[in-house]
Each structure stands twice: as C-alpha cells, then as structure tokens.
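Residues per chain are reported as follows:
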Amino acid sequence: MKEFDIAFPVRHEPSDEELRQAASRALGVKADRVAEARIVRRSLDARGEILYRYRVQAVARGEALEKFTLPEYRDVTGAEPVLVIGGGPAGMFAALRLLMEGRRPVILERGKDVHARKVDVAALNQKQQVNPESNYCFGEGGAGTFSDGKLYTRSSKRGDLREVLAQLVAFGAPERILVEAHPHIGSDVLPRIVERIRACIVAHGGAYHFGEHVTDIVPFSDGRSKGWKAVCEGGATYTARQLILATGHSSRDIYRMFERKGWPLEVKGFALGVRAEHPQSLINRIQYHGKFQPGMPAAEYALVEQVDGRGVFSFCMCPGGLLVPAVTAPGEVVLNGMSNSMRNSPWANAGIVCAVDPGDVPGFDRYGVFALLEFQQSVERAMYDFSGSLRAPAQRLVDFCRAKASQGLPRSSYQPGVVNAPLHELLPAPVFERLRVAFAAFDRKMHGYYTNDALVLGTESRTSSPVRIPRDPETMCAIGLEGLYPCGEGAGYAGGITSSALDGILVAAAAAAVSPAR
Ligand SMILES: Cc1cc2nc3c(=O)[nH]c(=O)nc-3n(C[C@H](O)[C@H](O)[C@H](O)COP(=O)(O)OP(=O)(O)OC[C@H]3O[C@@H](n4cnc5c(N)ncnc54)[C@H](O)[C@@H]3O)c2cc1C
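As the structure is a computational prediction, the values presented were derived from the model and not from experiment. (Residues numbered from 1 in each chain as written. Predicted model: local features only at pLDDT ≥ 70, side-chain atom pairs only at ≥ 80, totals over all residues. Heavy atoms only, no water.)

We now examine empty space enclosed by the protein. Following the criterion strictly, the structure yields one cavity of 30 Å³ or more and no others. Roughly 120 Å³ of internal volume is contained in the largest cavity. Lining the largest cavity are 15 residues; nearest its centre among them are M92, L168, L190, V194 and I497. Of all the secondary structure elements, the ones that give two or more residues to the lining of the largest cavity are helix 2 (89–101), helix 4 (161–170) and helix 5 (190–203). A per-class count over the lining of the largest cavity returns twelve nonpolar, three polar and no charged. (1 Å grid on protein atoms, 1.4 Å probe; cavity = no way out; pocket = protein on both sides within 12 Å on 5 of 7 lines; lining within 4 Å. Points joined across faces, edges and corners; volume = space filled by probe spheres on them. Helix = DSSP H or I, 4+ residues; strand = E, 2+ residues; numbered from the N terminus. Nonpolar A, V, L, I, M, F, W, Y, C, P; charged D, E, K, R; others polar.)

This is how it looks when you write it as structure tokens:
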C-alpha cells in the first residue's frame, strides 16, 4: 500500500480517473494495474494558492486496502439491562456499543426528545424563557445537538475515531466527515442523526425514557444480585447491575449528590473567558489573504498564547455561526456557539478563554472540591446581575482591552440581545489581564483580528467540567463504586462531541466485559 498527497484547486473535485493516474505514478505501475485508490484525508491549504490537499491510499493488483467494518447491532430484547443516565454523545455511543455487545441499554434522559426540545430552545432565544430541563445543554443528543458539530479530537488514545464517524455517517451525516481534516456536521443535520440513533436503539430492544431527571443513585442488593437504583424526580425508579453516568458538565446536582454521599470527587482545572464575534468576511480576508471566493468554506482560526504561565486560547470556533444562550438555570448568562452545515451566517465566533487552576481562585478555597465550580457560577451570575436578563454584557474588542467604555455596539448574532457593559470589570481581574494581552498578541498572528468591529461578550464558562469523578483505570468504575461507570465530559474525562462519544464506547465496552448476571 502506498500513501501519497495530491493537490487541486478548491472547486476541482478529483475524478476517479485523476486518482487512478496519480496512483499509477505513486505506485510505479501502469494505470490499468491500479486496484484501488481512495482519499483518506482532505485539508485546505491557504498558505499560497488556495488548494485542497488530498491524502490518498492506493494498491496495485493483488493487494487490497484495509476496510473498516463496524460490528453489528444485536437484538437485545430480554438481555441484561445497563442503565445509561444521560442521552448526550457519551450516553448515545455507550448505548450503541452496548447493542454491539449484546447488552440492553436503558437510557434515562432528563430533557425532551429533540423535536420538543427545539420548541424550548426557540423560547429561550426569542422569549428568554429558561427551562432547566430542556435547553442547549439538556435534552436528546445532549449539548452536541444544537452545536457546530465539530468532530475533532486531539487524542487518539481514547479509541478508534472511525467507530464514531462511521456510525454518524450510517445515521445520516455526510460522508465527507470521514476524510475532512476538520469535519463538522451542523445544527440543521444533527437533530435528524440523533433521532435515528434513538430509533436504532429502540428497534434493537433498548429503551429511552425522556423527562426522567435522576436525582439519586442508590446501591441495592436483593440477596441474589447487587447493583444500582436510579431514582428520578417524579418518583420512578430503575434498577440494573451496572449504571453508566453520562450527565455532562452542566449537571451540577449530580456532583452535589456525590458530595452528600461522600463519594470521591476531584477539583479539575477548566477555562473561562469571553466569546469574540467578528464579521466572517474579515476572518475570510485574513485567513485567505484576500483571496476568498464564493464557494470556499467560511474560514476558521485557532489561536493560543501563553500569558503569565497560563494558556489563553480560542475554543470551539464557529465559522459562519451564531451565538446562543447555553444557560441551564435562571439567573445566569452563559454563551456558546453553533452553526448550520453551510456555515453561512455573516459572523465568526469563538470562545477566547484562559486556563484556570484551583490555585488561581484563593477566594473560593472554602468550597473545597467545588472551588472552581463556585467560581464558574459566580462569573455566570455576575453577568446576569449586570444585565438583569439573558442579554449578554458586551464591549467592543479594542475598548475591552483598553478598559474603556464602548460608544455603541456592532450588530451581534446573539438573539436574546446584548447590553453595553464594562466587561473588563465584570470578569475576574486575572482572567481579564491575560485576555487583554492575548488579544493584542493574536493580532500578530492574524493581522486585523484586533479590531473594534469585533465584539466580546460574557461569558464563555462551560468549556469543560470543573470537577472530575475519578475512576479506576482498570475497571473504569468510580473509585470504590463497583458497577457505576462515570463517563464523558461530566466525569471530567472528555471535552467535545467525539471525545465524549469515544469515552462512552470505552466505558460501555468495560461494562460489557463483566460477565452477564445469571
Ligand atoms: C452550543 C454548544 C455548541 C457546542 N459545539 C461543539 C462542537 O462544535 N464540537 C464539539 O466537539 N463540542 C461542542 N460542544 C460541546 C459538546 O456538545 C460536549 O462536549 C458534549 O456534548 C459532551 O457530551 P456528554 O455526553 O459527555 O454530555 P452532554 O452532551 O452534556 O450530555 C449529557 C446529557 O445528560 C442529561 N442529564 C444531565 N443530568 C441528568 C440527570 N440527572 N438525569 C438524567 N439525565 C441527565 C442531559 O440532559 C444531557 O442530555 C458544544 C456545546 C454547546 C452547548
């Protein structure tokens, strides 16, 4: 097998014949002796002439390219159940893996199905009505359903990303995600995929229960077997020998429950800052060096700068995206970004956040393991207290860095609206001081980025969990809690859709490796 690179102008998709000819040259055989040539990766190169670079694998006759085949989902009707709390990427992919392993997933999800959830998300944007059970974080598909649907993960240690991507394609994601260097799906397509995943789980004998907010988890033993009982807000209970906990980073009540029971928790560093919103046309001009043409993808960026020993970096950049309220309770303002598959809004937004470690918040020491969670919540509340609503405190970028009030604000994609605010005073001083240095440095990497045509809005605070539920690396169970598997972003072991999905798969495989009850 030979792997080689070819490049073509942006609007030119290589034909089968062009691939065959390139493979013939790379393999050193005549074109009719090329057995197979396939693109395994596509990335945009804007350094000189704007090109797509393709990584190609090819074999000559007598050889075959390795094929990736997923194990099949089994009919699990009547099989031993595994409770899965939370129907986000971690919970969904754990459930799919359980089907492959012949175990019956029973998903308990506090939110609504994706169809009903859309109504609540619209009310959040248009009427500022916060439903603590159904919002951008809670409901079918979890926090990934209404998102940019970026599918990259930096870590390959967690598992085989192809297992996630291949299933997403089988459930309706475009095939291009299998080869793109920076694949994304978009909020107009994700809900359909999430519904099909549910249909598959149910068709194979698994169960989905919406509106089941788990408020307590209790060990049970009936003499013959032992396991876990999940108690829901309305009083319903569900039992199984094994329980996968995939409740995401915003289910603060689950962490509180762990603390009440004296179960192990650890404080975990996270990152906090603002969302920066620029005109997409400006980002295109900078990233494509003035050579942007219609038909090219909205340009992305990724920035990082070390300031006083802490990383300041762009997070969850959404080209052609929209800012959305990612709150999960009244009295807080939290922003995040989403986009549709076309990424065609006039704005580019990204979190610009500063790493925060436990030692950075001495005033919160008294909260022990919840020091960073309380810090996170205090900033979200400070934003709300200033605006008195879901409107986001906002400032022009250069004014923010100069600690100066803005005279009028540019238009923003954030539907609940913005309020002109001294964001430089509302943010904790060490965070603000680092952000202002980093923003100026970013302009050296992306000339034109530091402009008063951009807006900064508070706050981007749900970058990852500020708490970790430690688990045994062998069994994957919470320490001292056999059969209870914390996973995904809420457990502090993942960040983002793909890494959470991979963690769900990892944990489900560990649970399934324990012999079924007789
Ligand atoms: C607006 C937005 C945009 C994003 N964009 C991207 C992106 O482009 N790319 C990317 O990689 N990541 C993105 N993320 C982050 C990504 O969505 C998360 O990292 C990922 O969803 C985490 O997966 P998870 O399954 O661990 O948790 P979650 O997705 O948070 O899912 C947890 C689920 O558990 C349910 N739940 C919580 N508590 C309980 C309970 N007590 N009982 C029952 N159910 C409960 C919740 O309702 C939720 O459905 C975005 C997030 C948001 C909010």
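Where burial is concerned, most of strand 4 (residues 81–85) is hidden: four out of the five residues are buried. The pairing of strand 4 with strand 5 (residues 104–109) spans five bridges and is parallel. Within the sheet, the bridge partner assigned to L83 lies in strand 5 and is V106. Handedness of the β-α-β unit built from strand 4, helix 2 and strand 5 comes out right-handed. Inspection of the sheet shows strand 4 paired to strand 10 (residues 242–245) by four bridges, in the parallel sense. Pairing of L83 across the sheet is with L243, part of strand 10. (Buried < 20%, exposed > 50% of the residue type's maximum accessible area, 1.4 Å probe, protein only. Pairing = 2+ DSSP bridges. Right-handed = clockwise from strand over helix to strand, strands pointing away.)

For the rest of this paragraph, the subject is the pattern of salt bridges. Across all of its chains, the model carries 34 salt bridges by this definition. E101 is the partner of R97 in a salt bridge, and the nearest nitrogen-oxygen pair spans 3.0 Å. With a gap of four residues between them, R97 and E101 both fall in helix 2, about one helical turn apart. By relative accessible area, R97 is classed as buried at 15%. One salt bridge in this structure joins R198 and E140, with 2.6 Å as the shortest N-O distance. Of this pair, R198 sits in helix 5 while E140 sits in the loop between helix 3 (114–127) and helix 4; the two residues are 58 residues apart in sequence, bridging distant segments of the chain. One salt-bridge network, held together by shared partners, links E13, R42, R176 and E180. (Salt bridge = Lys/Arg side-chain N within 4 Å of Asp/Glu carboxyl O.)

A few words now on the domain arrangement of the chain. Often, the extent of an interface is quoted as the loss of accessible area upon association of its parts. Domain annotation for the chain reports domain 1 (2–60), domain 2 (81–266 + 470–513) and domain 3 (269–460). Placing the centre of domain 1 and that of domain 3 at their C-alpha centroids yields a distance of 39 Å. The partner domain 3 presents eight residues to the nine residues of domain 1 that form the contact. Together domain 1 and domain 3 conceal approximately 600 Å² of surface at their shared face, both sides included; 61% is due to carbon and sulfur atoms. Looking only at domain 1, the three residues that lose the most surface to domain 3 are R11, A46 and I50, adding up to 58% of its buried area. Applying the counting criterion to the domain 1 and domain 3 interface returns zero salt bridges. (Domains from an automatic or database assignment. Contact = heavy atoms within 4.5 Å. Buried area = accessible area lost by both parts, 1.4 Å probe.)

Attention now moves to the site of the ligand. Surveying the vicinity of the ligand reveals 37 residues, the closest of which are A90, E109, A143, E489 and I497. The set of elements that each furnish at least two residues to the shell around the ligand consists of helix 2, strand 5, strand 16 (335–338) and helix 12 (497–513). In terms of residue class, the shell around the ligand is built from 14 nonpolar, 17 polar and six charged. Each of domain 2 (81–266 + 470–513) and domain 3 (269–460) accounts for three or more of the residues forming the shell around the ligand. (Near = heavy atom within 4 Å.)

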